[in-house]
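As a plain string of letters, each chain reads:
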Amino acid sequence: CIADCRAKLNSMVVELEANGLEIFGKRYKVICFVTGDGKGMIAANPRSGCKCWWCAAQASRFGEFLAAHDIPLGRVATLRGFLISILPVRRIGDLVHGALRTVNCVMKRVSTDERVTGVRGLQTALRAKLSEIASDAAHIPSDMRLQPMAAKPGQMDITTCQAFLKQPNRFQEISELLKAYMGVVVVGGAPFHVLVLRMFTGLAFMNKLWRQAEELTDSDVSRYSRAVDQLGRDMGTLGWKLAHWCHWVLVHSVQVAKLWRNFSIFSSVPTERRHIEFKMDIRHCFQGYKLSKVALARRFAQHLLEMDALDMGLRLWVAHKVRVEGDKKKTRGVKGRLPRRKL
């Protein structure tokens, strides 16, 4: 929010939306959205206790807001929030991350539910099952993994979550494991293991629509709305505390399906591996946490641009050497990559 204020990022968005872009002599209208993981989205709502970037519901009361409701399309974001000119209905969030957070929330609530913790050995069996799922996903080639990230013990990473949601047999295995240890424990008129199976099945269907590149049809929107409603009823039946991503999915995501008819176009995952060198320069140059490098902390932005300019100069030099001397002429230290340089 401070960077937004001092760098006048919101003013740039206002100007861009007002003037549009001119491409080959034709002017196009621009509409700006905010996407990304939930942590960045929360900056849109800096009010105390509020973690939803769409509404003013207190995080401590998320369980009371399970019924989907629409947000007025013209409502502005919270004052002092991040990029206040971007309306809440254009703050979508990345549903690949959202699937991960929601699945991890369900898994965590299952393992810590008092009906589960009261059964000897069940938590250990659930952890073993989760380790088995993660072990299978670990064999996915690195170039097919969505995003390299470390997962906390007992939780999934993005790749494992996506692999899990595409394997219905895994849902059945977890449900059968619960039934084998607990027996038939009825909660709100339905067995506990059936509720868990139904939640994972619903999340798998919703994730399929989140990843669908084609526009959602009326039938897709109707089925999606029913799946969200069922997931909310099941979570309400179990009395689980909701994370902010669960709240967004259960309360607000149906409106996105109705309004924009697509979720996948808002994904930030395809952009997260772009400009890797520049992002690494940011990480290396801004070493404000190191008291031994106070100079870098003070002039990190200038140093960052100098390092990026050096990268660009080295690339141009390599391209010139290849063009003049040919591919067979070896260029010391730059075959296939940039030469190493010290900061």
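Here the residue numbering is sequential within each chain, running from 1 through the sequence in written order. Where local features are concerned, this predicted model is filtered to residues with pLDDT of at least 70; where side-chain atom pairs are given and counted, the filter is 80 or more; whole-chain, interface and lining totals use all residues. To obtain the side-chain values, all non-hydrogen atoms of the structure were used and water was disregarded.

## Here's the deal with unusual backbone geometry
You will see that L83, though not glycine, has its phi angle at about 55°, which is positive. A run of H or I in DSSP counts as a helix once it spans at least four residues, and a run of E counts as a strand once it spans at least two, with each numbered from the N terminus. Note that L83 resides in the loop between α3 (38–41) and α4 (95–112). In this scheme, a residue with accessible area under 20% of its type's maximum is buried, one over 50% is exposed, and one in between is partly exposed, where area comes from a 1.4 Å probe on protein chains only. By relative accessible area, L83 is classed as buried at 9%. Positive phi outside glycine occurs at R261, with the angle close to 60°. Position of R261 among the secondary structure elements: in the loop between α11 (244–260) and α12 (276–285). Exposure remark for R261: the relative accessible area of 23% places this residue in the partly exposed category.

## Side note on the packing of α4 against α11
For any two helices packed against each other, one specifies the crossing angle of their axes together with the interaxial distance. At a closest axis distance of 8 Å, the pairing of α4 and α11 adopts a crossing angle of 110°. On the basis of their axis angle, the class for α4 and α11 is roughly perpendicular. By crossing handedness, the relation of α4 to α11 is classed as left-handed. For the pair α4 and α11, contact is made by L95, G98, R101, T102 and C105 and by W245, C246, W248 and V249, respectively. Residues of the contact of α4 with α11, tallied by class, amount to six nonpolar, two polar and one charged. To get an axis, a line is fitted to the C-alpha atoms, and for a helix only the part in contact is used. The angle between two axes follows their N-to-C directions and goes from 0 to 180 degrees. Angles below 35 degrees are treated as roughly parallel, those above 145 as roughly antiparallel, those between 65 and 115 as roughly perpendicular, and all remaining angles as oblique. Here a crossing is called left-handed whenever its near helix is offset anticlockwise from the far helix by less than a right angle, and right-handed whenever the offset is clockwise. Contacts between residues were defined by any pair of non-hydrogen atoms, one from each residue, lying within 4.5 Å. Only Asp, Glu, Lys and Arg are considered charged, only Ala, Val, Leu, Ile, Met, Phe, Trp, Tyr, Cys and Pro nonpolar, and every remaining residue, Gly among them, polar.

## Quick notes on the side chain of D94
Within the element layout of this structure, D94 appears in the loop between α3 and α4. Nearest to the buried, unbridged D94 among oppositely charged side chains is R211, at 7.8 Å. Engagement of the side chain of D94 in a polar contact is seen with the backbone nitrogen of V96, the distance being 3.0 Å. Polar contacts involving the side chain of D94 include one to the side chain of S267, which spans 2.9 Å. The charge count includes Lys and Arg as positive and Asp and Glu as negative, but it does not include His or the ends of the chains. The term salt bridge refers to a side-chain nitrogen of Lys or Arg lying within 4 Å of a carboxyl oxygen of Asp or Glu. Polar contact is defined as a pair of N or O atoms within 3.5 Å, subject to the rule that within protein one atom must be able to donate a hydrogen and the other to accept it, and that residues adjacent in sequence are counted only when both atoms are side-chain atoms.

## A few points about the confidence of the model for the protein chain
Confidence scores per residue from the predictor, reported as pLDDT, run from 0 to 100. Looking at the protein chain as a whole, its pLDDT mean stands at 82, while 81% of the residues score no less than 70. Mean pLDDT across the elements of the protein chain bottoms out in helix α13 (residues 294–298) (62) and peaks in helix α9 (residues 192–210) (95).

## Considering helix α6 (residues 122–137)
One full turn of an α-helix is made of 3.6 residues, so residues set three or four places apart face in the same direction. Expected helix span is given by 1.5 Å per residue-to-residue step, counting one fewer step than there are residues. Helix length check: α6, at 16 residues, gives a terminal C-alpha distance of 23 Å against a target of 22 Å (1.5 Å per residue), a fit within 8%. Among the residues of α6, those classed as buried are L122, A125, L126, K129, L130, I133 and A137. Down the axis, α6 shows its buried residues gathered within 140° of arc, on one side only. Relevant arc is that of directions from the helix axis to the C-beta atoms, nothing else.

## Remarks on the pattern of salt bridges
In this structure the tally under the stated criterion is 12 salt bridges. Salt-bridge contacts for E132 lead to R170; the nearest nitrogen and oxygen are separated by 2.9 Å. With E132 in helix α6 and R170 in helix α8 (residues 168–182), this residue pair connects regions lying 38 residues apart in the sequence. A single salt-bridge network, built from bridges that share partners, covers K129, E132, D136, R170 and E173.

## Here we look at the packing of helix α10 (residues 218–238) against α11
As a packed pair, α10 and α11 sit with axes 10 Å apart at the nearest point and diverge in direction by 165°. Overall, the two elements α10 and α11 adopt an arrangement that is roughly antiparallel. The interaxial crossing formed by α10 with α11 has left-handed handedness. For the pair α10 and α11, the contacting residues are V221, Y224, S225, V228, L231, G232 and M235 in the first and C246, V249, L250, S253, V254, A257 and K258 in the second. Along the lines of polarity and charge, the residues of the contact of α10 with α11 split into 10 nonpolar, three polar and one charged.

## Side note on the nonpolar core
Here, nonpolar core refers to any group of buried Ala, Val, Leu, Ile, Met, Phe, Trp, Tyr and Cys residues whose side-chain atoms link them within 4.5 Å. Among the nonpolar cores identified, the biggest contains 79 residues, and L178, M206 and W248 are the most heavily contacted of them. When contributions to this core are tallied by element, the ones reaching two or more residues are α4, α6, α7 (158–165), α8, α9, α10 and α11. Considering each element in turn, this core owes the most residues, 11 residues, to α9. Filtering out sequence-adjacent residues up to four positions away, L178 remains in contact with V110, V116, L122, L126, G183, F192, H193 and V196.

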